[in-house]
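# Structural overview for review
Below are the chains, spelled out letter by letter.
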Amino acid sequence: MFELEFLKPGLYTSLQDGGRTKFHGFGIPLGGPMDRASAKRANWLVSNSLSDPVLEITVMGPRIEFNGAGQIALTGADISAKINNVPIGLNESHQVRQGDQLTFGRLQSGARCYLAVGGDWQVARWLGSASAASSELDLLTPGALIQKGDRILVKPSDLREKKALEWNNVLSDQNAPIRVMPGPEMDKFYKSIVADFFASDHYISNQSNRMGYRLDSDVKLKTDFEMISSGTVPGIIQGTNSGQPIILMADAQTAGGYPRFGCVASVDLDRMGQMKPGDLVRFELIAIDAAQALYREQLEMEATLMHSRAD
Amino acid sequence: MEILPLGDSALLINFQQEINEEVNGQVMQWANLISRELADHTTFVSPAYCSLTVGYKSMHIHFEAIRSLLFSLKVNEFTVAKQDRILRVPVCYQGAYAPDLGSVAKMKDRSPEEIVELHTSKPYRVYMLGFLPGFVYLGKVGEELYTERKDLPLTAVPAGSVGIAGWQTGIYPSVTPGGWHLIGRTPVPLLLRDSHPSPFRAGDTVYFYPIDSSQFSESSIQYDV
């Protein structure tokens, strides 16, 4: 067995996998990594199935001691990871031995780093997923939100192929505008508000987490339109009573009564997931056809990259 | 019926925008129909009061293509069998389980017993689940129980609390902030570690029945199918 022992938990370290896509109608958030592509790459690097669990490490990393030998990989945010005080690279697999310690330092880029471990994670699952439940966590997914002293067992795989990805990191175009499709209620907002939203600088507020990001800006996304509670998905931008925009993220509630101004294109959601409080974000309108084409292109590129090199 | 994109991987079907059983019945018929006929293309089908959210595999099918498929389903609209279930849910309307029963009774100029009688004498429809995992939106309460939300939401509503607000009544499945008037509490677990995460489904009919606090731990939901 290969064991991860958490000497420090980090700021917010949770288990994430493919999520619970089929239970939206029961009010259960889709969940899963905030940056899906990075989580998949981490799993590929250790020869796991791409939707296996990973640890999502937020801004400040944990301190992990390994008991046994195994293979790990880190992707996403650069939080100055080290093994036994020696810096290690992102986007490549690393062998670790009994007693090795993985630590993190200063956040250099992004917000969320993904740690994959080669093998079969011995963790609780609810509705087919190891992702930390957004409510009743201790009952439904005990152990999925890392606390000091926690231990996670992974049955290591025999495959220990050393892998690396030359990844054109999503973080490199962090400053490009986030593309947004019109939401079902965009036409309920004054045209001037719509224009202002796309012309303005917005900042990710301190009140932001896996459920959603609040935006600080001069734009008030306000409308008098009264709507009846209706479905939401990650990426939806809501106007609220105060006018402060909220972008729904991976653990967002499945329905809401706020007008749905727009929706972030899936191709840009991972980039959104790598943002943290204080970060600047600008938005650009995109049509659904273009958004779907870009998303397909991204998924195809990922598949090509990971399959061809996996052989 | 109007079909709109909800981002690039989900769509929204809007029905007549009002809260009533007839419209919600249409929502449920379409939810069942789509779950059955388009399972290969969809990732989830999620009913709300008067709309339906459908997740689909945008990697394989464009919005316009799935919209056309949805419109072509229309001919089969009435072939879907209704799946009515009646659930009888135990609620203790006493003491600490019912922190707002007294204030609601005062507000409505009735006795607490009359409020309980009004709340338990009527069937409620599960219009939708949402807001929180497993939270059921039930309606509608009678005119005598209509209330505005509380001015000051409670920061931690206990799990199982049965509340009323507006024309709605509902059950809090887990501890959460909430602004509804809490008139009772059910002992039944509302979020399950099962493959079926909630005892409720949208479209169910629910009756509440009163239990004594001494029976609290041994009461359970009764199903009349």
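Look up a bit, the structure's there.
So, here is what we can say about the structure in this document.

The rules behind the values
- Residues numbered from 1 in each chain as written.
- Chains lettered and ligands numbered in written order.
- Predicted model: local features only at pLDDT ≥ 70, side-chain atom pairs only at ≥ 80, totals over all residues.
- Heavy atoms only, no water.
- Salt bridge = Lys/Arg side-chain N within 4 Å of Asp/Glu carboxyl O.
- Helix = DSSP H or I, 4+ residues; strand = E, 2+ residues; numbered from the N terminus.
- Buried < 20%, exposed > 50% of the residue type's maximum accessible area, 1.4 Å probe, protein only.
- Contact = heavy atoms within 4.5 Å.
- Buried area = accessible area lost by both parts, 1.4 Å probe.
- Polar contact = N/O pair within 3.5 Å; in protein donor to acceptor, adjacent residues only side chain to side chain.

## Some details on the pattern of salt bridges
Within the structure shown, the criterion is met by 17 salt bridges over all chains. In this structure, the salt-bridge partner of E56(A) is R112(A), at a minimum N-O distance of 3.7 Å. Highlighted residues: E56(A) in strand β3 (residues 54-58) and R112(A) in strand β10 (residues 109-117), separated in sequence by 56 residues. Here E56(A) and R112(A) have matching classes, each one buried. Where E64(B) meets R67(B), a salt bridge forms, and the shortest distance between an N and an O atom there is 3.5 Å. Linking E64(B) with R67(B), this pair stays in helix α2 (residues 63-72), spanning three residues, or about one helical turn. With a relative accessible area of 25%, R67(B) lands in the partly exposed category. Three or more residues joined by partner-sharing salt bridges are found here, namely E56(A), R112(A), R210(A) and D251(A).

## Let's talk about the interface of chain A and chain B
Listed by partner, the interface residues are 42 residues for chain A and 45 residues for chain B. For the pairing of chain A and chain B, the buried interface totals around 3300 Å² over both sides, and the portion due to carbon and sulfur atoms is 62%. A per-residue breakdown of the area chain A buries against chain B is headed by F26(A), I228(A) and R296(A), which together make up 20% of the total. Between chain A and chain B we count zero salt bridges in total. The interface formed by chain A and chain B includes twelve residue pairs in polar contact (both at pLDDT 80 or more). Of all the elements in the fold, those that place two or more residues in the side of chain A that touches chain B are α2 (137-140), β16 (230-231), β20 (260-264) and α5 (288-310) of chain A.

Function-wise, these values are silent; they only describe arrangement.
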